[in-house]
Amino acid sequence: MPDNLVAKSMAANTTSVPMFEILTQYQSLRSEIETAVRRVLDSTEYIGGAALRGFESNLGQRFNARAVAVSSGTDAILASLMALGIGRGDKVITTPFTFFATAGCITRAGAKPVFVDIDPATFLMRADAIAAVVDAQCKAVIPVHLFGQMCEMTPLAELCGKHNLKIVEDAAQCIGATDSRGKVPGELGSTACLSFYPTKNLGAAGDAGAVIVRDTALAGRLEQTRQHGETSRYHHAFVGGNFRLDGIQCAVLNVKLKYLDTWNSRRRQIADYYSRRFKNTDVIAPVEIPGTHHVYHQYVVRIPRRDSAKEHLQKHGIGSAIYYPRPLHLQECFQDLGYREGAFPVSEQACREVLALPVFPELTDAQIQHVADTLLAFYK
Ligand SMILES: *Cc1c(COP(=O)(O)O)cnc(C)c1O
């Protein structure tokens, strides 16, 4: 390539902003991660072992609870439902405005998902919506702490207590967050389910997850669930699965866990910058519940002409994403639940209006300025 073209493409690169970029973070920790991974390889403790124990101990301490590492965030939810004995004939209440796994696990456990609409400002599930649908078959609720902000857990836990509903928190997007009363995931729920998918706030080098649990008996049950319901060697008291997490992933996560708060602070700083830029414009910034500690797994705006705005960003080298384009009650696989378009108007409207902007911690100030400038220019 001639020199001038190289220079040009490099200049273009300085203002291009991907939606996700996880290489920079890995490079900044490369030697620490590689040392930890090599230790697991040399020890041959690929399943279980010191790396698993070390990670579960450090993660549990953060939550003042037990942490049971599992193979993914999805498996954290499925194992939680199985360990709580939720299955055939039971209903589980959740939101249609979430990642598929939340509801998919309810069906896989043998139970039936019951959806409730979300709060229009925060996209979160609310206690009063649950009260309107609960019946005797309902055994549990899965609140989703969406985009990095927690649902208000105190009213939710009060209502669930009254109706004898278990709470399995989908905390896949909110590690590091607290609700407006300082509650952490797993504090008021039976379990909280974390995901360490590579682009989550704490990302493994592959699939990984964990269940946060305070009840020690339930923690034991989860450990058995993770190991095919095995209660002693080759004795299976119930049917579980293989939900184990590899030692290598635990080693990676154990290195990265130390930096999580710093990364979350940077996410909050980026979100704060965007929100200041979007004040009094066509771009509706995310709403923080007063007192909540939002960790901005995603920075999601609502905008008019969303799809054209997304194309405009793309043309200027800026990645963005739609979480979520289709609510779960309108998914083909859930047609037999009998929901029609219009059943959950707030979720359906959110699906048409939301756009997630790049918010990963390694973004530079110049990059986030370029994102805000470019999006605002679209509405000029
Ligand atoms: C990522 C995610 C999950 C599933 O986690 P995996 O680790 O990808 O299985 C579940 N629920 C929500 C809300 C998520 O964002």
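Residues numbered from 1 in each chain as written. Predicted model: local features only at pLDDT ≥ 70, side-chain atom pairs only at ≥ 80, totals over all residues. Heavy atoms only, no water.

**Here's the deal with the domain arrangement of the protein chain**
Domain boundaries in the protein chain define domain 1 (27-257) and domain 2 (259-379). A C-alpha centroid distance of 24 Å is found between domain 1 and domain 2. Taken together, the contacts link 46 residues of domain 1 with 36 residues of domain 2. Buried area between domain 1 and domain 2, summed over both chains or domains, comes out near 3,500 Å², and the portion from carbon and sulfur atoms is 63%. At the junction of domain 1 with domain 2, the criterion picks out one salt bridge. Where Arg62 meets Asp261, a salt bridge forms, and the shortest distance between an N and an O atom there is 2.9 Å. At the surface where domain 1 touches domain 2, the tally comes to 24 residue pairs in polar contact (both at pLDDT 80 or more). A total of four residues in the side of domain 1 that touches domain 2 trace back to one element, the largest contributor, which is strand β3 (residues 112-115). Split into classes, the residues belonging to the side of domain 1 that touches domain 2 amount to 24 nonpolar, 13 polar and nine charged. (Domains from an automatic or database assignment. Contact = heavy atoms within 4.5 Å. Buried area = accessible area lost by both parts, 1.4 Å probe. Salt bridge = Lys/Arg side-chain N within 4 Å of Asp/Glu carboxyl O. Polar contact = N/O pair within 3.5 Å; in protein donor to acceptor, adjacent residues only side chain to side chain. Helix = DSSP H or I, 4+ residues; strand = E, 2+ residues; numbered from the N terminus. Nonpolar A, V, L, I, M, F, W, Y, C, P; charged D, E, K, R; others polar.)

**Considering the site of the ligand**
In the neighbourhood of the ligand, 15 residues make up the surrounding shell, with Thr74, Asp170, Gln173, Ser195 and Lys200 lying closest. Measuring from an oxygen atom of the ligand, one finds a backbone N or O atom of Gly73 at 2.8 Å. In the model, an oxygen atom of the ligand is placed 3.1 Å from a nitrogen or oxygen of the Lys200 side chain. Isolated, the ligand exposes 380 Å² of accessible area, and the fraction of that covered by the protein chains is 92%. At the level of elements, α5 (73-83) and α6 (101-108) are the ones that each hand at least two residues to the shell around the ligand. Considered class by class, the residues forming the shell around the ligand number six nonpolar, seven polar and two charged. (Near = heavy atom within 4 Å. Areas by Shrake-Rupley, 256 points an atom, 1.4 Å probe, with all protein chains shown as cover.)

**Focus: unusual backbone geometry**
Across the junction of Tyr323 and Tyr324, the peptide omega takes the value 5 degrees, indicating a cis bond. Assignment of secondary structure puts Tyr324 in the loop between α12 (306-315) and α13 (345-353). Positive phi, close to 60 degrees, is recorded for Thr44, a residue that is not glycine. Inspection of the secondary structure puts Thr44 in the loop between α3 (30-43) and α4 (50-63). You will see that Asn164, though not glycine, has its phi angle at about 60 degrees, which is positive. Here Asn164 lies in the loop between α8 (153-162) and β5 (166-170). Relative accessible area serves as the criterion here: at 66%, Asn164 is assigned to the exposed category. (Buried < 20%, exposed > 50% of the residue type's maximum accessible area, 1.4 Å probe, protein only.)

**Some words on the pattern of salt bridges**
Side chains that differ in charge, positive against negative, can pair when their charged atoms come close. With the rule as written, the count across this model stands at 15 salt bridges. Ionic pairing is found between Glu34 and Arg30, a salt bridge with its closest N-O pair at 3.6 Å. Placement of the pair is Glu34 and Arg30 together in helix α3, with a separation of four residues, close to one helical turn. Where Arg126 meets Asp128, a salt bridge forms, and the shortest distance between an N and an O atom there is 2.6 Å. Since its relative accessible area comes to 38%, Arg126 is described here as partly exposed.

**Some points on the packing of α3 against helix α10 (residues 247-257)**
If you want to describe how two helices pack, look at the angle between their axes and the distance between the axes. Packing of α3 against α10 leaves a shortest axis separation of 9 Å and a crossing angle of 150 degrees. In terms of their interaxial angle, α3 and α10 are classed as roughly antiparallel. Crossing hand, α3 versus α10: right-handed. Here α3 contributes Glu32, Ile33, Ala36, Val37, Val40 and Leu41 to the contact with α10, which in turn contributes Gly247, Ile248, Ala251, Val252, Val255 and Lys256. (Axes fitted to C-alpha atoms, helices over the stretch in contact; angles between N-to-C directions. Parallel < 35°, antiparallel > 145°, perpendicular 65-115°, else oblique. Left-handed = near helix turned anticlockwise from the far one by under 90°.)

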